[in-house]
Amino acid sequence: MPRPEDELVRRQRERARLLAWLLGAFVVLLFFITVAKIGMHK
Amino acid sequence: MTPSIAQTSLPADWRDLLALTKPRVMSLVVFTGLCGLLAAPVTLPPALGFTAILCIALAAGAAGALNQWYEADLDAKMRRTANRPLPARRMDRQSALHFGVGLGAFSVVLMDLATNHLAAILLLASILFYVLIYTVWLKRRTAQNIVIGGAAGAFPPLIGWVAATGRIDLLPALLFAIIFLWTPPHFWALSLFVRSDYAAANVPMMPVVAGIRNTRLQILIYSLILAVAAMAPWALGLTGTIYAVASAVLNVVFVVLAAAVFANRADQPSGMKPERRLFAFSILYLFILFAAVVADRWIAL
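What you see is a predicted model; the values in this text were computed from it and never measured.

What counts and how
- Residues numbered from 1 in each chain as written.
- Chains lettered and ligands numbered in written order.
- Predicted model: local features only at pLDDT ≥ 70, side-chain atom pairs only at ≥ 80, totals over all residues.
- Helix = DSSP H or I, 4+ residues; strand = E, 2+ residues; numbered from the N terminus.
- Buried ≥ 20, exposed ≤ 12 C-beta atoms within 10 Å, placed from the backbone.
- Rg over C-alpha atoms; globule rule 2.2 N^0.38 Å.
- Contact = placed C-beta atoms within 7 Å.
- Nonpolar A, V, L, I, M, F, W, Y, C, P; charged D, E, K, R; others polar.
- Axes fitted to C-alpha atoms, helices over the stretch in contact; angles between N-to-C directions.
- Parallel < 35°, antiparallel > 145°, perpendicular 65-115°, else oblique.
- Left-handed = near helix turned anticlockwise from the far one by under 90°.
- Domains from an automatic or database assignment.
- Core = buried A, V, L, I, M, F, W, Y, C linked by C-beta atoms within 7 Å.
- Expected span 1.5 Å × (residues − 1).
- pLDDT = per-residue confidence, 0-100.

1. Examining the overall build of chain A
- Across its full length, chain A holds one helix and zero strands.
- If one aligns the C-alpha atoms of chain A with their principal axes, the spans along those axes are about 60 × 10 × 5 Å.
- Classification of the 42 residues of chain A by burial places 0% in the buried group.

2. Structural notes on the overall build of chain B
- Broken down by element type, chain B carries 14 helices and zero strands.
- Taking 19 Å as the expected radius of gyration for a compact globule of 301 residues, we find that chain B reaches 20 Å, a close match to that expectation.
- Here chain B, with 301 residues, has 48% of them falling under the buried criterion.
- Partitioning the intrachain contacts of chain B with sequence separation of at least 6 by distance along the chain shows that 74% fall at a separation of at least 24.

3. Things to note about the interface of chain A and chain B
- At the interface, 15 residues of chain A touch 11 residues of chain B.
- Partitioning the side of chain A that touches chain B into residue classes produces nine nonpolar, two polar and four charged.

4. A look at the packing of helix H4 (residues 46–70) of chain B against helix H7 (residues 117–138) of chain B
Residue and element names in this part refer to chain B.
- Look at H4 against H7: their axes get within 10 Å of each other, and the N-to-C directions meet at 20°. Classified by the interaxial angle, the pair formed by H4 and H7 is roughly parallel. Here the hand of the crossing between H4 and H7 comes out right-handed. Packed against H4, whose contacting residues are Ala52, Cys55, Ile56, Ala59, Ala62, Ala63, Leu66, Asn67 and Tyr70, the element H7 presents Ala119, Leu123, Ser126, Ile127, Tyr130, Val131, Thr135 and Val136 at the interface.
- Across the contact of H4 with H7, the residue classes break down as 14 nonpolar, three polar and no charged.

5. Some thoughts on the packing of helix H8 (residues 145–165) of chain B against helix H9 (residues 170–193) of chain B
All names here are of chain B.
- Where H8 contacts H9, the two axes come as close as 7 Å, and the packing angle between them is 145°. Considering how the two elements wind past one another, H8 and H9 form a crossing that is right-handed. Two secondary-structure elements touch here, H8 through Ile146, Val147, Gly150, Ala151, Gly153, Ala154, Pro157, Leu158 and Trp161 and H9 through Pro172, Leu175, Phe176, Ile179, Phe180, Thr183, Pro184, Phe187 and Trp188.
- Looking at the contact of H8 with H9 residue by residue, the classes come out as 15 nonpolar, three polar and no charged.

6. What about the domain arrangement of chain B?
Residue and element names in this part refer to chain B.
- Under the domain assignment used here, chain B contains domain 1 (9–168) and domain 2 (169–296).
- Counting residues at the interface gives 28 residues for domain 1, matched by 28 residues for domain 2.
- Elements represented by at least two residues in the side of domain 1 that touches domain 2 include exactly helix H3 (23–39), helix H5 (72–77) and H8.
- Of the residues that constitute the side of domain 1 that touches domain 2, the class distribution is 16 nonpolar, five polar and seven charged.

7. A word on the nonpolar core
Residues and elements named next belong to chain B.
- Core analysis: the biggest nonpolar cluster contains 97 residues, and Ala52, Ile56, Ala59 and Leu123 have the highest contact counts within it.
- Among the elements that take part in this core, H4 stands out by supplying 16 residues, more than any other.
- Two domains each provide a minimum of three residues to this core, namely domain 1 (9–168) and domain 2 (169–296).
- Setting aside residues no more than four positions away along its own chain, Leu123 makes contact with Cys55, Ile56, Ala59, Ser107, Val108, Met111 and Ile159.

8. Details of the environment of Thr239 of chain B
All names here are of chain B.
- The topology assignment puts Thr239 in the loop between helix H12 (212–235) and helix H13 (241–263).
- According to the C-beta neighbour criterion, Thr239 is buried, with 23 such atoms within 10 Å.
- Linking Thr239 and Ala295, residues 56 residues apart in sequence, is a C-alpha distance of 9.7 Å.
- Ignoring anything within four residues of it in the chain, the contact list for Thr239 reads Pro233, Trp234, Val293 and Asp296.

9. Digging into unusual backbone geometry
Residue and element names in this part refer to chain B.
- Positive phi, close to 50°, is recorded for Lys22, a residue that is not glycine.
- Structurally, Lys22 is set in the loop between helix H2 (14–20) and H3.
- Phi is positive for Arg89, which is not a glycine, with a value near 60°.
- Here Arg89 shows up in the loop between H5 and helix H6 (93–114).

10. Considering helix H1 (residues 4–41) of chain A
- With 38 residues, H1 of chain A extends 55 Å between its outermost C-alpha atoms, agreeing within 8% with the 56 Å of an ideal straight helix rising 1.5 Å per residue.
- Counting buried residues in H1 of chain A gives zero out of 38 residues, a small share hidden from the surface.

11. Brief notes about helix H14 (residues 273–298) of chain B
All names here are of chain B.
- For H14, which comprises 26 residues, the first-to-last C-alpha distance of 38 Å matches the rise-based estimate of 38 Å (1.5 Å per residue) to within 8%.
- Of all the positions in H14, only Pro274, Glu275, Leu278, Phe279, Ser282, Tyr285, Leu286, Leu289, Phe290, Ala292, Val293 and Asp296 are classed as buried.
- Among the structural elements, H3, H8, H9, H12 and H13 are those in contact with the buried residues of H14.

12. As for the confidence of the model for chain B
Residues and elements named next belong to chain B.
- Here chain B shows a mean pLDDT of 93. Residues at 70 or above account for 96%.
- Below a pLDDT of 50 lies the segment residues 1–6, which in the model reaches four contacts outside its immediate sequence neighbourhood of four places, other chains included.
- Predicted complex, confidence summary: ipTM 0.84, pTM 0.90.

Next up, the structure:
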């Protein structure tokens, strides 16, 4: 059985990795929103 | 097994955060929102359309998380919900609250940024309606909880339409009305065969408060009103032949199944096959009906 400390670190790492991916996806989404908005106002 | 304190104080697992958003409910919300968006006479650039649907999904997830945060005690008393992250103590309540508020705020701000103010306001209203009006105020107080609370689930097609057009028209208002009227027979059919769960948790659902017979009558009445509302978009000239045919067939089946529920005399879940059939069909009904609205807009007969 894993020690609680190991499990804590595993979950923190998992959450950090997921957040990094989500932040990356958000930046890409903002880029496309900006491009679409500029296109609409042309 | 009761989890140890160490287990509950661990950061929440992402699977539990996902479960907090009620993904199965979200699929219907996303679908009806997408139909509202695609049925609109204005076509959004794909990036903005995608963002609008993403915001609707995130807002639904936020509302689901806040609902579970508030109802953790109630969920623990019902078999159907006892294994959710909070009653099963896999997550602490504060994390659920922060997650729900954060996700909700993010969805509203992003919607405002990507589409328009009215869509963002409606999105915020849908979250607040579900959490404050339905969850906090109505659910534990009145058997009409589902009737009034149904409005929360009726927002997505309206929001999808408004995200594309920036205004509220008659067709999305009718789509709102259809989901609003669909909700009582859908949920009452379910609550009939899980009645003991609601009774154990002291939730005043219709079968618990008004009895099985009266609930079956209400299901039939609402099904008939729903059939009229669902034919209205065609009768008012807002949709075409595809919708007319689909709606007519779906409503006949819905009313027949509701009549079978009304005719059923069983009071034990094992004898409630008509209720299970109606519940399952009601989901299919909404999917096909809304798909027909979109088909009518995009396919010229």
